[in-house]
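Structural features, examined
The chain contents come next:
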Amino acid sequence: FSKEKLRQFRGSEVAMIFQDPMTTLDPVFKISNQMIEALQAHQKISRKDAAKICIEALEDVGIADAEKRFDSYPFELSGGMCQRVAIAMALLAKPRIIIADEPTTALDVTMQAQILRLMQELQSKYGTAILLVTHNLGVVWQVCHNVIVMYAGKIVEKASVKELYSNSKHPYTWGLMDSMPSLNDTPKEELSTIDGIPPDLRTLDDGCNFRYRCKYAQKICE
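Residues numbered from 1 in each chain as written. Predicted model: local features only at pLDDT ≥ 70, side-chain atom pairs only at ≥ 80, totals over all residues. Heavy atoms only, no water.

A word on the sheet that holds strand β3 (residues 129–133)
- The three strands are arranged β1-β2-β3 in an open sheet whose pairing can be described as parallel. Each of the sheet's edge strands pairs with one partner strand only, and the pair in question is β1 (14–17) and β3. Pairwise comparison of adjacent strand axes, ignoring direction, gives a mean angle of 20 degrees for this sheet.
- Sheet analysis places β1 next to strand β2 (residues 97–101), joined by four bridges and oriented parallel. Bridge assignment links Met16 to a residue of β2, and that residue is Ile99.
- Sheet strands touched by helix α6 (residues 79–91): β1 and β2. Its angle to β1, the strand with the most contacts, is close to 175 degrees. (Pairing = 2+ DSSP bridges. Helix = DSSP H or I, 4+ residues; strand = E, 2+ residues; numbered from the N terminus. Axes fitted to C-alpha atoms, helices over the stretch in contact; angles between N-to-C directions. Contact = heavy atoms within 4.5 Å.)

Written as structure tokens, this is what we have:
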């Protein structure tokens, strides 16, 4: 794509929700300026009409007193509220796909649940596909239909959520599963970890990238 075509593509066809809501938004500009700029980048629309659409988007993501919050600076809002603003911005141009990069990592567990529920409701309402990037397998179970497990930039396993949890095939997936604490664990039971360290991405070859840390590695893995 040319720069101009790529600018049109971003936001209208595919949008992104970033990991840390406190750094997604520029702290020196009001929410109103940032949202209106994002909308006007894709639509020929007056500032007044854009403001109306943006306020409706904030109401859509559950922000109370949206008109007042619309005129706030990001530092005047909580982390959870900033993430809601980021979701509202991602939805402004009605994209076909939203890439959500660890959208709940910086939030407490109560707010995590609210944000995930909100994303599911908005997905259902707008018919937008969500590509969720996460290491949290609890979140995967709660919100995803299909899963791709990646290690060091390569896909190691693809499956539906139910199949992945009941009959996963790759040792890296097993390691991720085992590293999740269980409510049945005893207080002094050690947490399960994956031995070794991730490989240097500059020196990868054609084999399975996980084989250096895998106790099941065989010659064929090379």
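Focus: empty space enclosed by the protein
- Under the criterion given, the structure shown has one cavity of 30 Å³ or more.
- Volume-wise, the largest cavity comes out at about 70 Å³.
- Lining of the largest cavity is provided by Ile17, Ile87, Leu91, Ile98, Met119, Leu122, Gln123, Thr128 and Ile130.
- Counting residues per element, the ones that place at least two in the lining of the largest cavity are α6 and α7 (109–126).
- With three residues, α7 is the largest single contributor of residues to the lining of the largest cavity. (1 Å grid on protein atoms, 1.4 Å probe; cavity = no way out; pocket = protein on both sides within 12 Å on 5 of 7 lines; lining within 4 Å. Points joined across faces, edges and corners; volume = space filled by probe spheres on them.)

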